[in-house]
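# Analysis of the macromolecular model
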Amino acid sequence: MSRFLAAYQDFVSKVTDAPPEFGHAAGLCCLSTIALGRRWIARGQSGIKPNIYVMLVAGSSRDRKSTTVDTAIALLKDVEENRVGPKDFTA
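Read on for an overview of the structure. (Residues numbered from 1 in each chain as written. Predicted model: local features only at pLDDT ≥ 70, side-chain atom pairs only at ≥ 80, totals over all residues. Heavy atoms only, no water.)

Quick look at the overall build of the chain now. Across its full length, the chain holds three helices and zero strands. In the chain, the succession of α and β elements from N to C terminus is α-α-α. Per-residue burial over the chain gives 27% buried out of 91 residues. In the chain, the share of contacts with a sequence separation of at least 24, taken over all contacts with a separation of at least 6, comes to 52%. Of the accessible surface of the chain, which amounts to about 6,700 Å², a share of 54% is contributed by carbon and sulfur atoms. (Helix = DSSP H or I, 4+ residues; strand = E, 2+ residues; numbered from the N terminus. Buried < 20%, exposed > 50% of the residue type's maximum accessible area, 1.4 Å probe, protein only. Contact = heavy atoms within 4.5 Å. Areas by Shrake-Rupley, 256 points an atom, 1.4 Å probe, with all protein chains shown as cover.)

Right, let's talk about the packing of aromatic side chains for a bit. Centre-to-centre distance and the angle between the planes together describe a pair of aromatic rings. For the structure shown, the criterion picks out two aromatic pairs. Here the aromatic rings of Phe4 and Tyr8 are separated by 5.8 Å at their centres, their planes lie at 20°, and the arrangement is stacked. Of the two residues, Phe4 and Tyr8 are both situated in helix α1 (residues 3–15); the distance of four residues between them amounts to about one turn of the helix. We classify Tyr8 as buried; its relative accessible area is 3%. With a centroid separation of 6.3 Å and an interplanar angle of 50°, the aromatic rings of Tyr8 and Phe11 are classed as tilted. Placement of the pair is Tyr8 and Phe11 together in helix α1, with a separation of three residues, close to one helical turn. Owing to a relative accessible area of 41%, Phe11 belongs among the partly exposed residues under this scheme. (Phe/Tyr/Trp six-rings, centres within 6.5 Å; stacked < 30°, edge-to-face > 60°.)

Okay, the packing of α1 against helix α3 (residues 65–79) next. One can describe the packing of α1 onto α3 by two numbers: an axis separation of 11 Å at closest approach and a directional angle of 125°. Overall, the two elements α1 and α3 adopt an arrangement that is oblique. As for how α1 packs across α3, the hand of that crossing is right-handed. Contact residues: Phe4, Tyr8, Phe11, Val12 and Val15 in α1; Thr68, Thr71, Ala72 and Leu75 in α3. A class-by-class count of the residues in the contact of α1 with α3 yields seven nonpolar, two polar and no charged. (Axes fitted to C-alpha atoms, helices over the stretch in contact; angles between N-to-C directions. Parallel < 35°, antiparallel > 145°, perpendicular 65-115°, else oblique. Left-handed = near helix turned anticlockwise from the far one by under 90°. Nonpolar A, V, L, I, M, F, W, Y, C, P; charged D, E, K, R; others polar.)

In this model, α1 (13 residues) spans 19 Å end to end at C-alpha, consistent with the 18 Å of a helix rising 1.5 Å per residue. Residues of α1 that are buried include every one of Leu5, Tyr8, Gln9 and Val12, and no others. One side of α1 holds all its buried residues, which, seen down the axis, span an arc of 100°. Opposite the packed face of α1, turned more than 90 degrees from it, sit the exposed residues Arg3 and Lys14. (Expected span 1.5 Å × (residues − 1). Arc of directions from axis to C-beta.)

Following this line, the structure appears as structure tokens:
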């Protein structure tokens, strides 16, 4: 696990009692959002740009899905306020 993901999961565990898998998924989404397609895997003539799609599935209000997403969005807005748009990262 990357140093960022380990630190992010530790941070999220102190903010919410959501399942650790939610924090891990949100951390991966944060990394993807920060990279914004500027990173790729060299393969052939054109690189492969990694893509991620995450769906948090759990009971209503019980597992803190919105809290997990809102925490990730707040962190990204601290890094760069306009980085997260309405279609880039939604609950």
